[in-house]
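What follows is the residue order along each chain.
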Amino acid sequence: MTTDSLQPRRTLGALDIFALTVGIVVGAGIFRTPALVAGVSSDETAMILAWVAGGVLSIVGALCYAEMAAAWPHMGGDYHFIGRAFGQRIAFLYAWARLAVIQTGSLALLSFIVGDYLQILLPLGPAGSAIWAALAVVAVSAINWLGVRWGTQAQRWLTLAEVLGLVAIIVAGLAVAPAGAAPPATVDGGGAFGLVMVFVLLSYGGWSEAVYVSAEMKDPPRRIAAILCAALGLVTILYVLVNLALLNALGLAGMAGSDAVAAELMRRALGDGGAAVISGAIAVAALTSANATAITGGRTACALGRRFGALRWLGRWDGARDTPGNALVAQGAIALLLVALGGLARDGFRVAVEYTAPVFWLFLLLGGLSLFVLRRREPDAVRPFRVPLYPVLPAIFCATTAYLLWSSLAYTGWGALAGVAVLAAGAALLLVLKPEEERFE
């Protein structure tokens, strides 16, 4: 049965949430950013400490979101939190941004990574990368349209394959003969560590997506904090070990001078066949994140459709398959459009990153600020979990996010302007769309 009044059932266990979080965080970024981080790190110790700090800061943010998800579990995730804190209009802009920019842009850029590496293994001609990217969008959208069980089972196996790929890199990197000593990288001391953290935190991005399935958790709401922390703890360990393996095999200067550090490591360990192995691993990592992105993105669009009558078709929940079928179709269609536009650009991946980043960091900042507003506005609400060391930890999270927002605007190109323009179009829609309910309950 498909209606706009059915609610999600509690069908997801702790392992499903854990796999979703790990899968969406450990994307292809860890295969790209170590070289960038090494290039602006003063020495090996500073580089490793940056990866540890990135994990700690991500856990701080996860604790903030866990408090709100435990108090108000909802398929709208931080769309719901922002709405309670800042009202319908800001919440609409966020849901619009997720549907038109954030989730669909992320789905497109992840699919471009899949396409780039599958094109190496199975070339399909000049437009091969875009064709593979489009097929990836269709595949993850179709899997999740078939039902939540299909999507979460695929997520479990993809996450396992993704983690095993990182373990293979760690073992290979630590097993090869250490790289010879090299002079330390030369960096500009003023703000260099801040630039390092921009790259590092981009690799940890995505942990906030788990709150979109909080209404479908079988476990008590307070457990989401432990699940998120455990998932990010594992990611931090993997990231640190990967960078230690890369340092052992390539050295800091070797990492900084390579455009494909993981491929270079595997080539040293396994010969030319290593390049094919790592290409497959990167494609799996990106596909894992794309699947998790599709799962969570469809739920925001569904929540949006239930607030605005003109968009009610988006809010229909398929009770037979436990999935927001219409929202997934709409999300996939927009992502395909972005893939087509990106295919016309010289570097579709870079354009997709620029298109997504500023809007993403803006609303993640608002999500953090929502915690302060809701603590003050709803002091008597039942909170099964509370952020420790409040308000210090939330303030650290908000300050970090504000810095990344500024950085994403300062260092991106026309793609960022396109993302902001689409957000402005959402503001124009508010002139004609009226919510059916004024308050979030």
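All values derive from a computational prediction rather than experimental measurement.

Conventions and cut-offs
Residues numbered from 1 in each chain as written. Predicted model: local features only at pLDDT ≥ 70, side-chain atom pairs only at ≥ 80, totals over all residues. Heavy atoms only, no water. Helix = DSSP H or I, 4+ residues; strand = E, 2+ residues; numbered from the N terminus. Buried < 20%, exposed > 50% of the residue type's maximum accessible area, 1.4 Å probe, protein only. Contact = heavy atoms within 4.5 Å. Areas by Shrake-Rupley, 256 points an atom, 1.4 Å probe, with all protein chains shown as cover. Axes fitted to C-alpha atoms, helices over the stretch in contact; angles between N-to-C directions. Parallel < 35°, antiparallel > 145°, perpendicular 65-115°, else oblique. Left-handed = near helix turned anticlockwise from the far one by under 90°. Patch = residues over 30% accessible without salt bridge, like charges linked within 9 Å, V, L, I, M, F, W, Y side chains within 5 Å. Salt bridge = Lys/Arg side-chain N within 4 Å of Asp/Glu carboxyl O. Core = buried A, V, L, I, M, F, W, Y, C linked by side-chain atoms within 4.5 Å. Nonpolar A, V, L, I, M, F, W, Y, C, P; charged D, E, K, R; others polar. Phe/Tyr/Trp six-rings, centres within 6.5 Å; stacked < 30°, edge-to-face > 60°. Lys NZ or Arg CZ within 6 Å of the ring centre and 35° of its normal.

(A) Seen up close, the overall build of the protein chain. Within the protein chain, the secondary structure is distributed over 15 helices and 2 strands. Counting over 441 residues, the protein chain shows a buried share of 57%. Restricting to contacts in the protein chain with at least 6 residues of sequence separation, those with at least 24 account for 84%. Accessible surface, the protein chain: about 17,100 Å² in total, of which carbon and sulfur atoms supply 68%.

(B) Molecular detail of the packing of helix H11 (residues 273-305) against helix H12 (residues 325-344). Interhelical geometry of H11 versus H12 gives an angle of 115° and a closest axis separation of 8 Å. Taken as axis vectors, H11 and H12 run roughly perpendicular relative to one another. Here the hand of the crossing between H11 and H12 comes out right-handed. Contacts between H11 and H12 involve Thr293, Ala294, Gly297, Gly298, Ala301 and Cys302 on the former and, on the latter, Ala327, Leu328 and Gln331.

(C) Structural detail: a nonpolar patch on the surface. Side chains of Leu174, Ile237, Leu241 and Leu244 sit close together on the surface and give an oily, nonpolar patch of about 340 Å² of accessible area. Looking at which element gives the most residues to the nonpolar patch, the answer is helix H9 (residues 223-256), with 3 residues. Position of Leu174 relative to the elements: it lies in helix H7 (residues 148-175). For Leu174, a relative accessible area of 48% corresponds to the partly exposed category.

(D) The nonpolar core, seen in detail. Counting residues in each nonpolar core, the largest one holds 142 residues, and the members touching the most others are Phe31, Met47, Trp51, Ile278 and Phe363. Beyond its immediate chain neighbours, meaning those up to four positions away, Met47 contacts Val37, Ala38, Ser41, Asn243, Leu247, Leu252 and Met255.

(E) Highlighting helix H10 (residues 261-270). Within H10 the residues assigned to the buried category are Val261, Ala262, Ala263, Leu265 and Met266. Phi turns positive one or two residues past the end of H10, at Gly271, with a value near 80°.

(F) View of the packing of helix H6 (residues 128-146) against H12. Where H6 meets H12, the axes come as close as 10 Å, and the angle between the chain directions of the two elements is 175°. Relative to H12, the element H6 lies roughly antiparallel. Taken together, the residues of H12 that come into contact with H6 (itself represented by Ala130, Ala133, Ala134, Val137, Val138, Ser141, Asn144 and Trp145) are Gly325, Leu328, Val329, Gly332, Ala335, Leu336, Val339 and Gly343. Classifying every residue of the contact of H6 with H12 gives 11 nonpolar, 5 polar and no charged.

(G) Geometry of the pattern of salt bridges. Per the stated rule, a full pass over the model turns up 3 salt bridges. Between Arg383 and Glu67 there is a salt bridge, with its nearest N and O atoms 3.3 Å apart. Remark: Glu67 occurs in helix H3 (residues 44-71) and Arg383 occurs in the loop between helix H13 (348-377) and helix H14 (392-410); sequence separation between them is 316 residues. One exposure class covers both Arg383 and Glu67, and it is buried. What you see here is one network of salt bridges that share partners, running through Glu67, Arg375 and Arg383.

(H) Looking closely at the packing of aromatic side chains. Enumeration according to the criterion identifies 11 aromatic pairs in this entry. Between Tyr65 and Phe81 the ring centres are 6.4 Å apart and the planes differ by 80°, which places this aromatic pair in the edge-to-face class. Of this pair, Tyr65 sits in helix H3 while Phe81 is found in helix H4 (residues 78-86), placing the two residues 16 residues apart along the sequence. The pair formed by Tyr65 and Phe81 is uniform in burial state, with each residue classed as buried. With a centroid separation of 5.8 Å and an interplanar angle of 65°, the aromatic rings of Trp207 and Phe397 are classed as edge-to-face. A residue pair is termed long-range when its members are at least 10 positions apart, and Trp207 in the loop between helix H8 (192-203) and H9 and Phe397 in helix H14 qualify at 190 residues. Judged by relative accessible area, Trp207 falls into the buried class, the value being 6%. An aromatic cluster of at least three residues, connected via ring pairs, comprises Tyr65, Phe81, Trp207 and Phe397. Lying across the ring of Tyr390, Arg375 places its NZ or CZ 3.9 Å from the centre.

(I) A look at the side chain of Gln331. Relative to the helices and strands, Gln331 resides in helix H12. A relative accessible area of 2% places Gln331 in the buried class. Setting aside residues up to four positions removed in sequence, Gln331 forms contacts with Leu99, Gln103, Thr104, Leu107, Thr293, Ala294, Gly297 and Gly298.

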